[in-house]
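So the chains spell out like this:
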Amino acid sequence: MIEKEYKAQEVEEKWVKLWKDDMYYFDWNSKKPHYIIDTPPPYPTGSFHIGNTLNWCYIDFIARYKRMKGYEVMFPQGWDCHGLPTEVKVEEIHGISKNDIPREEFRRLCVEFTKGNIERMKQTMKRLGFSIDWSKEYITMYPEYYRKTQISFVRMFNKGLIYKGYHPVVFCPRCQTTIALAEIEYKKGKTKLNYIRFGDGDNSVIIATTRPELIPACVAIAVHPEDERYKHLIGKKVKVPTTDYEVEIIADEDVDPEFGTGIVMICTFGDKQDVKWWKKHNLQLRAILNKDGRLNEKAGKYAGLTTLEAREAILRDLAEEGRLIKQEEIEQNVGVCWRCKTPVEIIVEDQWFVKVEKDKILKAARQIKWVPEHMLSRLESWVEGMEWDWVISRQRIFATPIPVWYCKRCGAIVVAKEEWLPVDPTKDKPKEPCPKCGSTEFEGETDVLDTWMDSSITPLAITGWPDEWRKEDYPTSLRPQGHDIIRTWAFYTILRSLALVGDIPWKEIVINGMVLGEDGRKMSKSLGNIVEPHEVIEKYGADALRQWAASGVVGDDVAFSWKEIVAASRFQQKFWSILRFTLLHLKEKPSDEDAKLLRDADRWILSKLMKLVKEVDEHMENYRFAEALKAIRSFTWYEYADNYLEIVKNRLYAGSEDEKKPARFVLYTVMNVLTRLLAPFTPFLAEECWQRLHEGIGEKVESVHLQSYPEADERLIDEEAEKRGELIKEIVSVVRRMKHDKGLPLNAPLKKVMIFAPIEIDTRDIAGALNAEVELLKEMPTIEVRVKALKPKFNILGPMFKDKVKAIVNAVSKLSNEEKLKFVESGKIEIDVDGEKIELKSEWFDVEVEKVLGGEGVEVLETENAVVIVEI
RNA sequence: GGGCCCGUGGUCUAGGGGUUAUGACGCCGCCCUCACGAGGCGGAGGUCGAGGGUUCGAGUCCCUCCGGGCCCA
């Protein structure tokens with residue numbers, strides 16, 4: 001006999017040890033249809049958090065389901081290692097700055113640190129039971145991977161899709177690096193709006209700016225073309241304070257006449273809008289800001305000051321000159337570096353860019369199936385709003401080196417040949433002299449690549465690109481990822497796939513939401529609402545956490561919920577108890593012969609089981625995990641345990657061998673099917689129950705995760721049996737309810753139960769379940785029939801009578817009992833509605849009939865389809 | 001400010017034109033039943049965020065507003 005309590009932790013830890021990694025190995029040569037998942041490579045922070053958990057649970061549900069459905073599934077796992085957070089952490093740990101030690105040494109420290117983090121995260125992932133193929137692990141910081149990143153760079157460069165250009169870029173003065181638009185965050189803050197007079201006398205205007213320190217970078221002044229106040233100024237020139245030059249007043253529709261004075265200065269560059277205007281009006285460039293966040297010689301006397309110092313100095317000077325008219329406090333959103341929260345600046349620098357071909361990307365994105373569908377529009381609006389190309393160069397160390405040198409003699413750009421890769425141009429030399437001038441003296445590129453350059457080739461990397469690329473397995477089957485990185489990871493991957501192989505990267509993309517705290521707000525340290533996976537695992541186990549993950553709608557944000565976890569673990573206990581009951585009555589595998597003895601109740605539950613299988617399968621195909629799991633749970637608990645097992649119990653304890661056999665057949669079949677249905681969701685519970693079930697009947701079986709997913713056996717779907725089964729269920733439950741109402745124990749004996757029902761049913765299980773003698777009546781004894789209700793079927797009446805429906809329903813409700821009865825018996829009636837005669841058919845109504853039987857010492861109970869007379 | 005999503009008993013949630021709105025947790029009452037008391041049975045609890053519209057009929061479709069979330073400017 002198995003123990004009473006299901007101990008999730010014990011069971012789960014046992015299977016983590018026993019399961020062999022190779023169960024999930026993907027074989028390229030398998031003849032099964034291939035299903036390849038472009039798993040996200042997480043950033044190795046060291047902890048696999050609950051947001052990751054949601055994402056990976058979805059992946060694992062899909063992977064396990066597809067595997068059981070007969071696919072050869074690839075569930076690889078990568079690690080997206082490069083990036084600033086690790087650099088910062090390593091500097092912190094060792095108390096150094098990256099510039100204190102040789103690049104190579106710094107890189108080595110980052111690699112060491114990252115390795116440890118990966119190991120820790122892997123432990124959690126294994127503990128959560130993810131069916132990852134660890135033989136397909138890839139780590140972007142290792143040469144075998146970043147060689148691929150470098151090859152991708154070289155190929156795109158050679159296709160003219162990567163170029164070096166002089167261009168405004170967003171720059172973080174603290175991190176000392178360029179950052180992508182996608183890396184800017186916006187913070188609300190207060191600042192002063194300064195009203196400043198430009199020019200003198202008649203030829204003066206008042207502009208409003210929050211960035212007076214950029215006045216020396218002013219290259220034009222703009223007003224709205226329809227602004228009556230200023231129309232006359234257009235085309236005039238005005239002298240810029242603090243400088244000795246004049247700029248033109250131009251017209252542009254983007255100027256907001258409501259903001260400040262309605263006159264705006266255009267600087268190179270205060271923000272993105274400046275860049276837009278600068279390009280559109282072909283303005284000159286006055287770059288006054290250096291990389292260190294200080295003004296340069298172009299700012300005249302303010303050279304050398306930081307932007308904040310310059311702001312004060314300029315305002316002071318302007319005030320002295322009487323040009324500062326007024327200041328007012330306003331709310332403003334400031335762009336800050338997503339990492340260090342320092343306000344970013346726009347500077348002009350030589351950078352590497354990837355061309356963004358918007359139309360091609362949009363067209364490709366629309367060929368991919370998005371789940372949920374509306375997530376496509378997020379990508380679309382991002383792409384449509386893009387204003388410049390993707391800046392891929394970063395001034396950092398821990399990243400993929402850009403495989404480029406500059407000839408010291410002629411300045412030519414020398415891009416590495418593919419066969420030289422991987423390469424680090426800061427220490428390796430080109431293998432050939434400069435193709436332009438023949439020099440062998442080179443300067444290696446010290447800029448490195450944006451981390452998204454590494455991660456945007458994952459679907460290619462996992463399909464063997466570029467060496468043994470499995471073109472026939474491309475596009476891959478699925479990209480699962482969060483909606484927060486649609487504009488980055490999804491976007492860049494599509495771009496790169498098109499650029500490198502001219503095809504979309506995946507057929508489908510399934511988007512997961514974010515995990516919110518129990519309070520419905522984003523999880524954050526400051527709110528103190530963070531829950532870590534290990535906390536949940538320690539209390540309730542991984543399967544319970546996985547069930548929680550299944551509870552939401554794919555794409556929606558999901559709030560963490562201990563309640564859901566508790567409910568999930570109760571279900572596991574319930575399932576375990578059912579197994580315990582099953583094994584109590586099952587000692588050997590039932591034969592197909594036993595199936596010939598099936599009774600109504602047995603056929604009913606088997607038919608229901610088959611319908612469940614169909615339903616679950618359909619939900620799984622459409623990534624409706626919550627619906628699938630809910631269907632399994634409610635069948636298990638409310639149909640099977642509460643009804644079927646209660647009905648069949650008596651037979652199993654007290655019946656003859658021939659009565660027990662078919663029940664055992666059901667016990668085995670249901671358990672067998674349910675464990676397999678549950679396997680993708682609760683792999684540990686499913687495995688334990690699968691193994692115990694077969695141990696119990698003396699059979700040795702392989703892992704449940706190597707079995708096929710249940711398929712509905714159409715022969716077991718039996719509508720007639722379902723009707724009879726439902727009737728049995730109704731009768732049993734109505735009598736139990738009566739016992740309950742009378743304060744009787746549910747197993748209290750009854751003298752006699754008589755049933756009048758429209759169809760023949762097998763009363764033997766009813767007798768057992770009710771502890772009473774049961775008689776099936778052929779005729780309804782002296783009864784009075786009353787039509788209790790005639791419920792209109794609006795879906796029929798509505799389209800037929802339109803706006804007359806109300807009047808008809810009203811008229812019908814006013815019929816007397818006799819008229820109603822006559823209507824039901826004859827099947828039709830003619831009624832008067834607003835002077836019009838209308839013939840109605842009784843089939844347009846749901847008829848509820850009430851049967852009343854007088855008598856002493858008997859209870860008359862009604863179910864939907866039967867009348868039950870009980871002698872107590 | 002813009003885009004997308006979401007407002008359904010106390011809390012979370014299903015339902016996306018058809019009239020008695022699903023389930024879970026919690027709550028109340030009853031039953032110590034031979035797999036499970038971490039169980040079973042029953043019950044109370046809702047003007048489906050607000051207002052307008054379309055329709056014979058609206059949680060469901062449309063508009064406006066209010067509130068929340070995420071992403072972006």
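Before any of the text, the structure's been laid out above.
Residues numbered from 1 in each chain as written. Chains lettered and ligands numbered in written order. Predicted model: local features only at pLDDT ≥ 70, side-chain atom pairs only at ≥ 80, totals over all residues. Heavy atoms only, no water.

Draft legend 1. Spotlight on the environment of Glu328. By the secondary structure assignment, Glu328 is in strand S13 (residues 324-337). Expressed as a C-alpha distance, the spacing of Glu328 and Ala208, which sit 120 residues apart in the sequence, is 9.9 Å. Setting aside its immediate chain neighbours within four residues, Glu328 contacts Thr191, Lys192, Leu193 and Tyr195. Polar side-chain contacts of Glu328 include one of 2.9 Å to the side chain of Tyr195. (Helix = DSSP H or I, 4+ residues; strand = E, 2+ residues; numbered from the N terminus. Contact = heavy atoms within 4.5 Å. Polar contact = N/O pair within 3.5 Å; in protein donor to acceptor, adjacent residues only side chain to side chain.)

Draft legend 2. Inspection of the packing of helix H17 (residues 600-621) against helix H19 (residues 657-678) at higher detail. Remark: H17 packs on H19, axes separated minimally by 10 Å, with the N-to-C direction vectors making an angle of 10 degrees. With respect to H19, the axis of H17 lies roughly parallel. Between H17, through Asp602, Ile605, Leu606, Leu609, Leu612, Val613 and Val616, and H19, the contact on the second element is made entirely by Pro662, Ala663, Phe665, Val666, Thr669, Val670, Val673, Leu674 and Leu677. (Axes fitted to C-alpha atoms, helices over the stretch in contact; angles between N-to-C directions. Parallel < 35°, antiparallel > 145°, perpendicular 65-115°, else oblique.)

Draft legend 3. Seen up close, the pattern of salt bridges. Tallied over the entire structure, the rule returns 63 salt bridges. Here Glu87 and Lys98 are joined by a salt bridge, their closest N and O atoms 3.3 Å apart. Of the two residues, Glu87 is situated in helix H3 (residues 84-94) and Lys98 in the loop between H3 and helix H4 (103-127); the sequence distance between them amounts to 11 residues. Between Asp200 and Arg197 there is a salt bridge, with its nearest N and O atoms 3.8 Å apart. (Salt bridge = Lys/Arg side-chain N within 4 Å of Asp/Glu carboxyl O.)

Draft legend 4. Highlighting the packing of helix H23 (residues 794-801) against helix H24 (residues 805-813). Put simply, H23 and H24 touch, their axes get as near as 9 Å, and they point 125 degrees apart. Here H24 runs oblique to H23, going by the angle between their axes. Within the contact between the two elements, H23 uses Phe794, Leu797, Gly798 and Phe801 and H24 uses Val805, Ile808 and Val809. Taken together, the residues of the contact of H23 with H24 break down into 6 nonpolar, 1 polar and no charged. (Nonpolar A, V, L, I, M, F, W, Y, C, P; charged D, E, K, R; others polar.)

Draft legend 5. Main features of the environment of Lys7. Looking at the element boundaries, Lys7 is found in the segment before helix H1 (8-18). By relative accessible area, which is 36% here, Lys7 ends up partly exposed. Distance in space between the C-alpha atoms of Lys7 and Gln573 is 8.6 Å, their sequence separation being 566 residues. (Buried < 20%, exposed > 50% of the residue type's maximum accessible area, 1.4 Å probe, protein only.)

Draft legend 6. Main features of helix H13 (residues 533-540). Buried within H13 we find Pro533, Val536 and Ile537. Buried residues along H13 cover an arc of 100 degrees about the axis, so they all sit on one side. With respect to the buried face of H13, the exposed residues turned more than 90 degrees away are Glu538 and Lys539. Looking at the packing, one finds that the buried side of H13 touches H1, helix H2 (50-68), H4, helix H14 (542-550) and helix H15 (562-585). The first or second residue beyond H13 is Gly541, which carries a positive phi of 90 degrees. (Arc of directions from axis to C-beta.)

Draft legend 7. Highlighting the state of the cysteines. For the structure shown, the criterion picks out 0 disulfides. Of all cysteine sulfurs in the structure, the one in Cys437 sits closest to Cys410, which takes part in no disulfide; the separation is 3.7 Å. The class of Cys410 is partly exposed, set by a relative accessible area of 39%. Here Cys689 stays unpaired: no disulfide links it, and the sulfur of Cys57, its closest cysteine neighbor, is 19 Å away. (Disulfide = S-S within 2.5 Å.)

Draft legend 8. Expanded view of the sheet that holds strand S20 (residues 442-444). Spatial strand order, S19-S18-S20: 3 strands in an open sheet with antiparallel pairing. A single partner strand is all that each edge strand has here, and the edge strands are strand S19 (413-415) and S20. Each neighbouring strand pair of the sheet contributes to a mean axis angle of 30 degrees, computed without reference to strand direction. Direction of pairing for strand S18 (residues 404-407) relative to S20: antiparallel, over a ladder of 3 bridges. (Pairing = 2+ DSSP bridges.)

Draft legend 9. The arrangement of helix H20 (residues 683-696) in detail. In this model, H20 (14 residues) spans 20 Å end to end at C-alpha, consistent with the 20 Å of a helix rising 1.5 Å per residue. Extensive coverage of H20 is indicated by the burial of 12 of its 14 residues. Taken residue by residue, H20 has Pro683, Phe684, Leu685, Ala686, Glu687, Glu688, Cys689, Trp690, Gln691, Arg692, Leu693 and His694 as its buried positions. Structurally, H20 contributes buried residues whose contacts are with H1, H2, H4, H14, H15 and H19. Just downstream of H20, Gly698 is the residue with a positive phi angle, here 65 degrees. (Expected span 1.5 Å × (residues − 1).)

Draft legend 10. Empty space enclosed by the protein, seen in detail. Applying the stated criterion across every chain yields a total of 2 cavities of 30 Å³ or more. If you add up the space inside the second largest cavity, you get close to 50 Å³. Residues of the lining of the second largest cavity, tallied by class, amount to 8 nonpolar, 1 polar and no charged. (1 Å grid on protein atoms, 1.4 Å probe; cavity = no way out; pocket = protein on both sides within 12 Å on 5 of 7 lines; lining within 4 Å. Points joined across faces, edges and corners; volume = space filled by probe spheres on them.)

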